[in-house]
Amino acid sequence: MLLVLAGTAALPAFLVYLWFRLSRFRFSLPWFLCSLIGGIAAVFIALIMGFLFEGFFAALGTALGGRLSLKGVFTAGNLPASIFRAALVEESSRLVVLFPLFAVFRRLKWGFGTTPGGSVDCCAAGLAGGLGFALAETASYGAANMGAALLRAFTAAPLHGACGGRAGLAAAAFRDNPAAGILRFLSAAAIHGMYNFLILRSGLSSVIAVLAASSFFVSSLVFIRRSPGWNGEKGGRLPDE
């Protein structure tokens, strides 16, 4: 069961790396593994940020004499919980990892970000990091429920991959164009929040959430595939355009 769990959690990341290799995309194994590990680390950062987030508002409510009530704000199933507790916190945790990771990649002179329109490397690294995030989440869910691990491997992984790719583009843009970086970050948070909000509802809403996440994931792959760094081909549109 442990082997099945590990294989299930790692399957989406393995398939994406296999696609990179078969397509001859210039994204090396060290880049991919470091990005994947960074995504796993982002899970723990997100947990810490989540606790700090709740503690901040609890302290603020106390300071205001109880006038700021958060009752119901962080309960599962409502929009504020989906956006603030999950989407914004998790997407912020990606940036906490991606900024230093990109700096290390460039310092090691691995040629990272030097392709024409080099943001494609950042998008691919962010996407791999998103899959690492999903891998850690899938493993944690699978430890309690194997069925949940199988379900999340094919639903949450595309969502985290898609949002991770956009977070990578955001991290790439912040240095030269902060406004563009913020917009790309917010697009990732909006997609994540929409998914969280819909997936908590049964029936058609959850199906729409999965289809939307898969669509955004494919759009990130298409952006990478059509980039100037891919065998000299013309660049594609950004995945959130």
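Given the structure is predicted, the values throughout are model-derived calculations rather than measurements.

Some remarks on the overall build of the chain
Part 1: Secondary structure assignment for the chain yields 8 helices and 0 strands.
Part 2: Overall, the chain shows an N-to-C arrangement of helices and strands of α-α-α-α-α-α-α-α.
Part 3: The buried share of the chain, reckoned over its 241 residues, is 46%.
Part 4: Summarising the internal contacts of the chain: among those between residues at least 6 apart in sequence, 70% fall at separations of at least 24.
Part 5: Accessible surface for the chain amounts to roughly 11,900 Å². Of this, 71% is attributable to carbon and sulfur atoms.

Observations regarding helix H6 (residues 156–174)
Part 1: A rise of 1.5 Å per residue sets the reference length of H6, with its 19 residues, at 27 Å; its end C-alpha atoms lie 27 Å apart and thus fit the reference within 8%.
Part 2: Here H6 lies mainly inside the structure; 17 of its 19 residues are buried.

Thoughts on the layout of surface pockets
Part 1: When its volume is computed, the second largest pocket comes out at roughly 150 Å³.
Part 2: No other element matches helix H1 (residues 2–22), which puts 4 residues into the lining of the second largest pocket.
Part 3: Among the residues making up the lining of the second largest pocket, the classes are represented as 11 nonpolar, no polar and no charged.

As for the side chain of Arg94
Part 1: In this fold, Arg94 is placed in helix H3 (residues 79–107).
Part 2: You can call Arg94 buried: its relative accessible area is 4%.
Part 3: Arg94 has contacts with Ala42, Gly130, Phe133, His160, Cys163, Gly164, Ala167 and His192, leaving out every residue within four places of it along the chain.

Here's the deal with the environment of Val218
Part 1: With respect to the secondary-structure elements, Val218 resides in helix H8 (residues 204–225).
Part 2: The spatial distance from the C-alpha of Val218 to the C-alpha of Pro158 is 8.3 Å, given a sequence separation of 60 residues.

What counts, and where the lines are drawn
Residues numbered from 1 in each chain as written. Predicted model: local features only at pLDDT ≥ 70, side-chain atom pairs only at ≥ 80, totals over all residues. Heavy atoms only, no water. Helix = DSSP H or I, 4+ residues; strand = E, 2+ residues; numbered from the N terminus. Buried < 20%, exposed > 50% of the residue type's maximum accessible area, 1.4 Å probe, protein only. Contact = heavy atoms within 4.5 Å. Areas by Shrake-Rupley, 256 points an atom, 1.4 Å probe, with all protein chains shown as cover. Expected span 1.5 Å × (residues − 1). 1 Å grid on protein atoms, 1.4 Å probe; cavity = no way out; pocket = protein on both sides within 12 Å on 5 of 7 lines; lining within 4 Å. Points joined across faces, edges and corners; volume = space filled by probe spheres on them. Nonpolar A, V, L, I, M, F, W, Y, C, P; charged D, E, K, R; others polar.

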